[in-house]
Amino acid sequence: MTTDDVVRTHLQELRRGTVVVASLSALKSPGHGYGLLQTLSDYGFSVDANTLYPLLRRLEEQGLLASEWNTQEARPRKVYRTSAAGESVLEVLLADIASVHQSITMLTEGKQS
C-alpha cells in the first residue's frame, strides 16, 4: 500500500463522521437529497449518492431529520430538514469538533491544557 493510499483511507475515515455534521447543518434549510449532494460538494465534502441517501434515511429514523414529499414539481421529491432533536445533536457535535480541534492544536504546538 502506498503512502497516498494510506492517506486517502485516513482522510475517508476522518470525513465520514463530518458528513453527518455537514448534512445536519445544511438541512437547517429544507432540501432534497440531490441538492444536498450539490451543497456538500460546493463546501468540499465529496460524498457519493450511494452513501448519502442511506445516511439521510438513518438520520430520519433516529429522529434527527424530518421529511415530507414535495409533489408540486413534475417529479415528487422527498424534502428533508433538520428536526429540533437534530439541531440539539448538531450543537453537541459541533462543540465536540471544536474541542477536538483545540486539543489537536495544543498537542501539535506542545502545549498542555
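Residues numbered from 1 in each chain as written. Predicted model: local features only at pLDDT ≥ 70, side-chain atom pairs only at ≥ 80, totals over all residues. Heavy atoms only, no water.

Caption draft 1: How the structure looks around the environment of Q62. Here Q62 lies in the loop between α3 (49-61) and β2 (65-70). Of the residues examined, Q62 reaches a relative accessible area of 45% and is grouped as partly exposed. Sequence-wise, Q62 and A85 are 23 residues apart; in three dimensions their C-alpha atoms are separated by 9.2 Å. (Helix = DSSP H or I, 4+ residues; strand = E, 2+ residues; numbered from the N terminus. Buried < 20%, exposed > 50% of the residue type's maximum accessible area, 1.4 Å probe, protein only.)

Caption draft 2: Quick look at the pairing of β2. Relative to strand β3 (residues 77-82), β2 is paired through 6 bridges, and the arrangement is antiparallel. Looking at β3, one finds that L65 is bridged to T82. Linking β2 back to β3 in an antiparallel pair, the connection comprises 6 residues. (Pairing = 2+ DSSP bridges.)

Caption draft 3: Main features of the packing of helix α1 (residues 3-26) against helix α4 (residues 84-109). With their axes 10 Å apart at the nearest point, α1 and α4 run at an angle of 135° to one another. Between α1 and α4, the angle falls in the class oblique. Considering only the axes of α1 and α4, their crossing is left-handed. Packed against α1, whose contacting residues are V20, V21, L24 and S25, the element α4 presents G86, L90, L93, L94 and I97 at the interface. Along the lines of polarity and charge, the residues of the contact of α1 with α4 split into 7 nonpolar, 2 polar and no charged. (Axes fitted to C-alpha atoms, helices over the stretch in contact; angles between N-to-C directions. Parallel < 35°, antiparallel > 145°, perpendicular 65-115°, else oblique. Left-handed = near helix turned anticlockwise from the far one by under 90°. Contact = heavy atoms within 4.5 Å. Nonpolar A, V, L, I, M, F, W, Y, C, P; charged D, E, K, R; others polar.)

Caption draft 4: Examining the pattern of salt bridges more closely. Taken as a whole and assessed by the stated rule, the structure comprises 3 salt bridges. Note that K78 and E60 form a salt bridge whose closest N and O atoms lie 3.1 Å from each other. With K78 in strand β3 and E60 in helix α3, this residue pair connects regions lying 18 residues apart in the sequence. A salt bridge links E73 to R77; the shortest N-O distance between them is 3.9 Å. For R77, a relative accessible area of 25% gives the class partly exposed. (Salt bridge = Lys/Arg side-chain N within 4 Å of Asp/Glu carboxyl O.)

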